[in-house]
Amino acid sequence: MSKGCSHHHGYCDRKKLYLRIFFVALFLIVLVLLAIFIIWLVLRPSKPGFYLQDASIAQFNFTAGTNLLTAIMQVTVSSRNPNDRIGIYYDKLDAFAVYQEQRITASTELPTGYQGHNDVVVWSPYLYGTAVPVAPYLSVALDQDNNAGLLLVDINVEGRLRWKVGTWTSGHYHIHVTCPAFVGIDHGSGSNGDAPSFHFQHATWCSVEV
């Protein structure tokens, strides 16, 4: 027996209703996605720009026999929100130093909060690494840097942020910032007559990944 609509009015009515619901839901989803895409194009959100203003190294000692590195430094990092209509919530930010792709300090938590349109925020954290075990090859790298009179330390900032547009706030996004700190080394100019002193060469822009 054929299941024609003339013999199964209830079945056909339900099928038509389900199809209408499906197409209406599909239309609404496409409409919402299109609206989000248009808003995104109009606002043109840009990731924040980070700038390393200063890096002061108080101690940078490597013990070759035990492969332990002790580093104490203070850095000044600024962040600018380049967006005219989008605010940024920094929910978590940690700063630490990296030398030769090895982490040499513990994380220092930075103050978090809201960054408005075109606002600038400045942080000046201390970074501490006491007797941090590192790879033996760092001894060779440090000798080369000492001979060259120039030390390159990367200042990293990692954390989570959210975008704010009007009353709408996005979910969390991971942010990773790398700031190259070029530090000159002066030998025999320290307070004890032979310890090296360090001086920051110049401010640098940081790479930012969101």
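Residues numbered from 1 in each chain as written. Predicted model: local features only at pLDDT ≥ 70, side-chain atom pairs only at ≥ 80, totals over all residues. Heavy atoms only, no water.

K.L.:
I tried to follow unusual backbone geometry on my own but got confused; where do I start?
P.N.:
Backbone phi values are negative for most residues with the exception of glycine, while trans is the configuration of most peptide bonds. Positive phi, close to 50°, is recorded for Gln100, a residue that is not glycine. With respect to the element layout, Gln100 can be found in the loop between β3 (87-99) and β4 (102-103). For Gln100, a relative accessible area of 35% corresponds to the partly exposed category. One non-glycine residue, Glu101, lies in positive phi territory at about 65°. Along the polypeptide, Glu101 turns up in the loop between β3 and β4. (Helix = DSSP H or I, 4+ residues; strand = E, 2+ residues; numbered from the N terminus. Buried < 20%, exposed > 50% of the residue type's maximum accessible area, 1.4 Å probe, protein only.)

K.L.:
I keep staring at the environment of Thr169 and nothing clicks. Help me out?
P.N.:
Mapped onto the elements, Thr169 comes out in strand β10 (residues 168-169). Among the residues examined, Thr169 registers a relative accessible area of 29% and is labelled partly exposed. Taking the C-alpha atoms as reference, Thr169 lies 9.8 Å from Ile86; in sequence the two are 83 residues apart.

K.L.:
Please explain the environment of Cys206 as it appears in this structure.
P.N.:
Summarising the element assignment, Cys206 is placed in the loop between β13 (204-205) and β14 (207-209). With residues up to four places along the chain from it excluded, the contact list for Cys206 reads Phe50, Tyr51, Leu52, Val177, Thr178 and Cys179. (Contact = heavy atoms within 4.5 Å.)

K.L.:
Help me understand the state of the cysteines, please; the structure alone is not making it clear to me.
P.N.:
Working definition of a disulfide: a covalent bond connecting the sulfur atoms of two cysteines. For the structure on display, the rule yields 1 disulfide. Between Cys179 and Cys206 runs a disulfide, and the two sulfur atoms are separated by 2.0 Å. The sign of the 105° torsion about the S-S bond sets the Cys179-Cys206 disulfide as right-handed. One end of the pair, Cys179, is in strand β11 (residues 173-186); the other, Cys206, is in the loop between β13 and β14, with 27 residues separating them in the sequence. By the burial criterion, Cys179 is buried, and Cys206 matches it. (Disulfide = S-S within 2.5 Å.)

K.L.:
So what exactly am I meant to see when it comes to the pattern of salt bridges here?
P.N.:
For side chains bearing opposite charge, pairing can occur when the charged atoms are close. This structure, assessed with the given rule, holds 2 salt bridges. For Asp91, the salt bridge goes to Arg162, with nearest N and O atoms at 2.6 Å. Of the two residues, Asp91 is situated in strand β3 and Arg162 in strand β9 (residues 150-165); the sequence distance between them amounts to 71 residues. Its relative accessible area of 24% is what places Arg162 among the partly exposed residues. (Salt bridge = Lys/Arg side-chain N within 4 Å of Asp/Glu carboxyl O.)

Limitation: the analysis is restricted to geometry and does not speak to function.
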